[in-house]
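Fold and contact review
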Amino acid sequence: MDLAVIIVTWNNEAVIADALGSLQDDLSANSMRYEIRVVDCASTDATVAVIRRDFPAVILTTCDENIGFGRANNHAMRSIGFEERGRERDLPGAVYLLNPDTVTHTGATKALFDALFADAGNGVVGARLSFADGSFQHSAFRFPDLRQIWTELYPTPSRWIDGSFNGRYPRSSYDASDPFEVDFALGATMMLRREVLQEVGLFDEQFFIYCEEVDWQWRIREHGWRILCVPQARITHLGGGSSSQARPASLFNLWKSRLQLYDKHYPPWKRWMARRLVARGLARRMASMPSSESELIDACQQVIELAHS
């Protein structure tokens, strides 16, 4: 098998048919041998029913609870045979992690696959993303630094927010035809070489949601593999489909994961500074929130307590 595609769902009834339909159309247009796996994290809408009815070829796994993005992907990768001795010959050449809130444009999957195997040092590739209206979306970033915390939580000149100060790559890189090297690709589209998974391992399951792909690619880069964004591979990414369903919980989970990321990858002095920037920045944000946002205020307060712990 050339490619195993994994999609993790949670209440994605409104978008999953477009994601799977466009993906299958794209894959059917080339000669790759592939399989598609969906891991559903206890959806309460009709996500599972839509997949079973309209996409019978998809290998569907349902969970009794929302086990999180990293753990769900790990479950699928272990089902394929990763981390199991004696299964090496059965493993696909690449694994492609794709969000359910995506629409695949013609030729995108093959463009990613070809770029991944264009050089033996390429470990991960990600697509060029756009929003539903076709507008530009940043698809890859530099590893988070203190400057990114500042731009998100403190007053910052607008010209800095969309530039290198905030970890963004220039638009000219996306407009070029050749893949360009990045620190990490957005988790909405990540295609990885089999050898990367065998060498580096799977997601760190301490990250329930958010930052798991950053940590993973940080480790992949430390092992010497290159990570690329492929402008010719175009994917529409609607964005925020699952996380927007639980706004206070999403804020808490986001910053909890970021604090875990800082603790794992920053030196002590930088961890100390990052935690204080987060605590003071969220305190500033809380001060401007109306009392009607009590759940959001509580979420901020919980993060502040974590930052001080």
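A brief report on the enclosed structure follows. The structure displayed is predicted, hence computed values, not measured ones. (Residues numbered from 1 in each chain as written. Predicted model: local features only at pLDDT ≥ 70, side-chain atom pairs only at ≥ 80, totals over all residues. Heavy atoms only, no water.)

Let's talk about the environment of Asn166
Stated formally: The secondary structure listing takes helices from DSSP runs of H or I that are at least 4 residues long and strands from runs of E that are at least 2 residues long, numbered from the N terminus. Burial status follows relative accessibility: with a 1.4 Å probe on protein chains alone, a residue under 20% of its type maximum counts as buried, one over 50% as exposed, and anything between as partly exposed. Whether two residues are in contact is decided by their heavy atoms, any of which lying within 4.5 Å being enough. We call two N or O atoms a polar contact when they sit within 3.5 Å, provided that within protein one can donate a hydrogen and the other can accept it, with sequence-adjacent residues counted only if both atoms are side-chain atoms.
Here Asn166 shows up in the loop between α6 (158–161) and α7 (171–175). Judged by relative accessible area, which is 6%, Asn166 ranks as buried. Along the primary structure Asn166 and Lys256 are separated by 90 residues, whereas in three dimensions their C-alpha atoms are 20 Å apart. With sequence-adjacent residues up to four places away left out, Asn166 is seen in contact with Gln148, Thr151, Trp160 and Ile161. Within the structure, Asn166 has its side chain in polar contact with the side chain of Thr151 (distance 2.6 Å). Separated by 2.9 Å, the side chain of Asn166 and the backbone oxygen of Ile161 make a polar contact.

Notes on empty space enclosed by the protein
To keep it simple, the criterion reads: Definitions used throughout: a 1 Å grid over protein atoms alone; a cavity as a set of points that fits a 1.4 Å probe which cannot get out; a pocket as an open set with protein on both sides within 12 Å along at least five of seven lines; a lining residue as one with an atom within 4 Å of a point. Grid points are joined across faces, edges and corners, and a volume is the space filled by probe spheres set on the points.
Enumeration according to the criterion identifies 1 cavity of 30 Å³ or more in this entry. Of the volumes computed, that of the largest cavity is approximately 30 Å³. What lines the largest cavity is Arg37, Val38, Val39, Ile59, Thr61, Ala76 and Ser79. When contributions to the lining of the largest cavity are tallied by element, the ones reaching two or more residues are β2 (34–40), β3 (59–62) and α3 (69–80). The dominant element in the lining of the largest cavity, judged by the number of residues it contributes, is β2, at 3 residues.

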